[in-house]
Amino acid sequence: VQLQASGGGLVQAGGSLTLSCAASGRAASSSVMGWFRQAPGKEREFVAAIYRSGGNTIYADSAKGRFTISGDDANSTVTLQMNSLKLEDTAVYYCAARSPGVTVLYRTTSGYRFWGQGTLVTVSS
């Protein structure tokens, strides 16, 4: 397993949750990592991405102002802090990494080479 995501769970609307992703093997050399999510019956969608070395970030409109992605280049980890969670944030969240050497942030699934197994986030009313 090159990307190991953790931190999902059940949280009430308005609450917070932190997801973590640890990269190993070839994925650990990836400079750009991101989070995607997939709700039941929907396509996988972009949430946020970070260029770990430089700290540059991009977010989906749905995540702006509520979610924060951060990275630890030394430990090859990425964290997604999610605040003010809404019912519509319920989904399986996937950690992803672009190919090593790629430094451009990307919003579509096709740009990511490595994928984690997903962690379920359920937001209840």
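Residues numbered from 1 in each chain as written. Predicted model: local features only at pLDDT ≥ 70, side-chain atom pairs only at ≥ 80, totals over all residues. Heavy atoms only, no water.

A. Molecular detail of the overall build of the chain. For the chain, the count of helices and strands is zero helices and 11 strands. Shown N-terminal to C-terminal, the secondary structure of the chain runs as helices and strands in the order β-β-β-β-β-β-β-β-β-β-β. Since a compact globule built from 125 residues should have a radius of gyration of about 14 Å, the 13 Å found for the chain is in line with a globular shape. Here the C-alpha coordinates of the chain stretch approximately 40 × 25 × 25 Å along the principal axes. The proportion of buried residues among the 125 residues of the chain is 41%. Nonlocal contacts in the chain, meaning residues at least 24 apart in sequence, comprise 58% of its contacts between residues at least 6 apart. Here the chain displays about 5,900 Å² of accessible surface, and carbon together with sulfur accounts for 47% of that area. (Helix = DSSP H or I, 4+ residues; strand = E, 2+ residues; numbered from the N terminus. Rg over C-alpha atoms; globule rule 2.2 N^0.38 Å. Buried < 20%, exposed > 50% of the residue type's maximum accessible area, 1.4 Å probe, protein only. Contact = heavy atoms within 4.5 Å. Areas by Shrake-Rupley, 256 points an atom, 1.4 Å probe, with all protein chains shown as cover.)

B. Structural context of the pairing of strand S3 (residues 17-23). Judged by which residues are buried, S3 turns out to be one-sided: Leu-17, Leu-19, Cys-21 and Ala-23 face inward and are buried, whereas Thr-18, Ser-20 and Ala-22, on the alternate face, are not. Here S3 runs beside strand S8 (residues 77-82); their pairing, made up of six bridges, is antiparallel. Residue pairing for S8: Thr-18 is matched across the bridge by Gln-81. (Pairing = 2+ DSSP bridges.)

C. Broad picture of the nonpolar core. By size, the foremost hydrophobic cluster in this structure holds 28 residues, and its most contacted members are Leu-3, Trp-35, Leu-80, Met-82 and Tyr-93. Mapped onto this core, the elements with two or more residues apiece are strand S1 (3-6), S3, strand S4 (32-38), strand S5 (45-51), strand S7 (67-72), S8, strand S9 (91-97) and strand S11 (119-124). In terms of nonpolar packing, the next biggest core, distinct from the first, is built from eight residues, Ala-49, Ile-58, Ala-60 and Ala-96 among them. (Core = buried A, V, L, I, M, F, W, Y, C linked by side-chain atoms within 4.5 Å.)

D. Looking closely at the state of the cysteines. In total, this model carries one disulfide according to the counting rule given. Covalent S-S linkage joins Cys-21 and Cys-95, the inter-sulfur distance amounting to 2.0 Å. Residues Cys-21 and Cys-95 share a disulfide whose torsion about the S-S bond is about -85°; that sign makes it left-handed. Remark: Cys-95 occurs in strand S9 and Cys-21 occurs in strand S3; sequence separation between them is 74 residues. When sorted by exposure, Cys-21 lands in the same class as Cys-95, which is buried. (Disulfide = S-S within 2.5 Å.)

E. Layout of the environment of Lys-42. Among the secondary structure elements, Lys-42 is positioned in the loop between S4 and S5. For Lys-42, a relative accessible area of 57% puts it in the exposed group. Taking C-alpha positions, Lys-42 is 27 Å from Ser-30, a pair spaced 12 residues apart along the chain.

F. Quick look at the packing of aromatic side chains. One pass over the full model with this rule turns up four aromatic pairs. Judged by centre distance (5.1 Å) and plane angle (80°), the ring pair of Phe-36 and Tyr-112 falls under edge-to-face. Here Tyr-112 lies in the loop between S9 and strand S10 (114-115) and Phe-36 lies in strand S4, a separation of 76 residues in the sequence. The two residues Phe-36 and Tyr-112 agree in class, both being buried. Ring-pair connections join several aromatic residues into one group, and the members of that group are Phe-36, Phe-46, Tyr-112 and Trp-115. Against the face of Tyr-94 rests Arg-44, its NZ or CZ located 3.6 Å from the ring centre. (Phe/Tyr/Trp six-rings, centres within 6.5 Å; stacked < 30°, edge-to-face > 60°. Lys NZ or Arg CZ within 6 Å of the ring centre and 35° of its normal.)

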